[in-house]
There are 2 protein chains.
Amino acid sequence: MPGNSLISSFSITSEELLGSYGKAARQCNCRNKNTPFVFSQSRPFDLIELEQLLQSVGWNRRPARRVQRALSGGLLSVGLWQHDPAFPRLIGFARCTGDGVLEATVWDVAIHPLFQGDGLGKELMAYTLEELRKMGTERVTLFADPEVVPFYKRLGWQLEPRGNRCAFWYAN
Amino acid sequence: MPGNSLISSFSITSEELLGSYGKAARQCNCRNKNTPFVFSQSRPFDLIELEQLLQSVGWNRRPARRVQRALSGGLLSVGLWQHDPAFPRLIGFARCTGDGVLEATVWDVAIHPLFQGDGLGKELMAYTLEELRKMGTERVTLFADPEVVPFYKRLGWQLEPRGNRCAFWYAN
C-alpha cells in the first residue's frame, strides 16, 4: 500500500528513538518535509547549535555558560530535531520554568526559518503543553511578542485574561 | 536619645533573626506599625495560615498539598512576618519560579489587608528582587491584575515592553 510505505519511510524505530533522543521522545506528526522530526527532552544540546537557532529567529546573543545554567535550572527543555541517524539537526526549541504543579512559563520558542510554515511550531507547542500537563501543571503562561500573538491565539491561548498585564523588571 | 530608643524598640537581635527566620532573613525597613517585620526565605509556612493570607487578598482556594509541592518546586518563597518571639504572624508573601539565571517570574504577591498602605508591599518586592539579583537573575517578570498595575508602575516595572502581551493556557 502506498500509504503505508509513505508512513514507514518517515518512521523511526522505537529503539532508535530511545537511543538517540532518550525517554519521552516522540516523533513529530508533521510530515511536510522529506525527513522525520523528533521531540526530545533529554538529547543534550550543542550550545553553539542552540545559539545559532535562537539567533536565526532574532533572539539576542547570550553567554553560553549562562544558557547552560538556565537550561539545567529550568523545568523542561524541548528540542525538535530533524532526524538523521548520525547527525540529528536541531531545528526547534522551547523551554519552561515553573513549579511543576501550579504554574509553568514557556520561554525561547523557536523554529528555524527554513522549517517554518509547515506546522512544526504548532506541534512543538502541543508536545510541550502535553508534557507540562503530564507533570500536573494547572496553568501555563508566556510572553508573546506582537508578531506571534495571532499564532498563540489560533492555538487557543487566552490573551490577557481578566485584563492581566505583563510587567518586566531588568537587573541591569 | 528618643530617636535611638525608638529604633531599638523595633530591632531584633541577629541571633533572634537567624534562630526564628533562618539565613538571608532581614528586618523590614518599614516602621509604621508598632512591631518589627521580618523577611524570611526559610521559616516554614503553616499552609492554613498561608491559605488564609492569600484568601484575604482574594486569591482562589487551592489544595494544600499542591501548594506545598509548588513551594518546594519553585525558585524562592518569601514570607513577611510580624515578629513575635513566640508566634510570628505571616502577613505577607511572594514566590518566584525561574531558572536562577536568565528568567524569574513572581507569583502570589500578597500583603494582608490589615497591613496594607504602610509600604510593606513595596518593601516585599524590593527584598524579593534583591534576592533574585543576588542569584544572578537578569530579568524578572510578573502578571499584574488591572488593579495593581499602578503599584508596579510606581516601582519601576515596565508594562508590556516592546508590545509584549501575556498569554495563558489552562490545563482544564
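Relevant structure appears above.
The paragraphs below set out a description of the structure included in this document. (Residues numbered from 1 in each chain as written. Chains lettered and ligands numbered in written order. Predicted model: local features only at pLDDT ≥ 70, side-chain atom pairs only at ≥ 80, totals over all residues. Heavy atoms only, no water.)

1. Describing empty space enclosed by the protein
- The final tally for this structure, using the stated rule, is one cavity of 30 Å³ or more.
- Looking at the largest cavity, its volume works out to about 40 Å³.
- Leu102 of chain A together with Leu50, Leu54, Arg62, Val67, Ala70, Leu71, Phe93, Arg95 and Asp108 of chain B are the residues that line the largest cavity.
- Going through the elements one at a time, helix H3 (47-56), helix H4 (64-73) and strand S4 (89-98) of chain B are the ones with two or more residues in the lining of the largest cavity.
- Residues of the lining of the largest cavity, tallied by class, amount to seven nonpolar, no polar and three charged. (1 Å grid on protein atoms, 1.4 Å probe; cavity = no way out; pocket = protein on both sides within 12 Å on 5 of 7 lines; lining within 4 Å. Points joined across faces, edges and corners; volume = space filled by probe spheres on them. Helix = DSSP H or I, 4+ residues; strand = E, 2+ residues; numbered from the N terminus. Nonpolar A, V, L, I, M, F, W, Y, C, P; charged D, E, K, R; others polar.)

2. Considerations on the sheet that holds strand S2 (residues 37-40) of chain B
- The strand order across the open sheet formed by eight strands is S1(B)-S2(B)-S3(B)-S4(B)-S5(B)-S6(B)-S8(A)-S7(B), and the pairing between neighbours is mixed. Strands with a single pairing partner mark the edges of an open sheet, and in this sheet they are strand S1 (26-27) and strand S7 (158-159) of chain B.
- Each of S1, S2 and strand S3 (76-82) of chain B is contacted by helix H2 (residues 14-21) of chain B, which is oriented at about 50° to S2 of chain B, the strand it contacts most.
- Packed on one face of the sheet, H3 of chain B meets S3, S4 and strand S5 (103-111) of chain B and runs near 85° to S4 of chain B. (Pairing = 2+ DSSP bridges. Contact = heavy atoms within 4.5 Å. Axes fitted to C-alpha atoms, helices over the stretch in contact; angles between N-to-C directions.)

3. Quick word on the relation of the copies chain A and chain B
- Once turned by 180° and shifted 0.0 Å along the axis, chain A lies on chain B with an RMSD of 0.0 Å. Both copies are brought into coincidence by an operation consistent with a two-fold rotation axis. Minimal C-alpha separation from the rotation axis in chain A is found for Cys166 of chain A, amounting to 2.8 Å.
- When the interface residues of chain A are mapped onto chain B, 100% of them again fall at the interface, so both copies present the same face. (Least-squares fit on C-alpha atoms with pLDDT ≥ 70 in both.)

4. Describing the pattern of salt bridges
- Scanning all chains against the criterion turns up 16 salt bridges over all chains.
- Across the pair Glu103 of chain B and Arg139 of chain B runs a salt bridge whose closest N-O atoms are separated by 2.8 Å. Taken together, the positions of Glu103 of chain B in strand S5 and Arg139 of chain B in strand S6 (residues 139-144) put the pair 36 residues apart, joining distant regions of the chain. Here the two residues Glu103 of chain B and Arg139 of chain B agree in accessibility, since each one is buried.
- What you see here is one network of salt bridges that share partners, running through Arg62, Arg95 and Asp108 of chain A together with Asp99 of chain B. (Salt bridge = Lys/Arg side-chain N within 4 Å of Asp/Glu carboxyl O. Buried < 20%, exposed > 50% of the residue type's maximum accessible area, 1.4 Å probe, protein only.)

5. Here's the deal with the sheet that holds strand S6 (residues 139-144) of chain A
- In space, the eight strands of this open sheet follow the order S1(A)-S2(A)-S3(A)-S4(A)-S5(A)-S6(A)-S8(B)-S7(A), with mixed pairing throughout. The open sheet terminates on both sides in strands that have one partner only, identified here as strand S1 (26-27) and strand S7 (158-159) of chain A.
- Contacts from helix H3 (residues 47-56) of chain A reach strand S3 (76-82), strand S4 (89-98) and strand S5 (103-111) of chain A, with the element oriented near 85° to S4 of chain A.

6. Examining the interface of chain A and chain B
- With 47 residues of chain A at the contact, the number on the chain B side is 47 residues.
- Between chain A and chain B, roughly 5,000 Å² of surface is buried when both sides are summed, and carbon and sulfur atoms account for 55% of that area.
- Interface area lost by chain A to chain B is led by Arg165, Phe168 and Trp169 of chain A, which between them contribute 16%.
- The tally of links between chain A and chain B comes to six salt bridges. (Buried area = accessible area lost by both parts, 1.4 Å probe.)

7. Describing the packing of aromatic side chains
- Summed over the entire model, instances satisfying the criterion amount to 19 aromatic pairs over all chains.
- An angle of 10° between the planes, with centres 4.7 Å apart, marks the rings of Phe39 of chain B and Tyr127 of chain B as stacked. Of the two residues, Phe39 of chain B sits in strand S2 while Tyr127 of chain B sits in helix H5 (residues 120-135), which places them 88 residues apart along the sequence. Across this residue pair, the class does not change: Phe39 of chain B and Tyr127 of chain B are buried.
- Each member of the aromatic cluster is reached from another via a ring pair, and the members are Trp107, Phe143, Phe168 and Tyr170 of chain A together with Trp107, Phe143, Phe168 and Tyr170 of chain B.
- Positioned above the aromatic ring of Trp81 of chain A, the side-chain terminus of Arg43 of chain A is 5.0 Å from the ring centre. (Phe/Tyr/Trp six-rings, centres within 6.5 Å; stacked < 30°, edge-to-face > 60°. Lys NZ or Arg CZ within 6 Å of the ring centre and 35° of its normal.)

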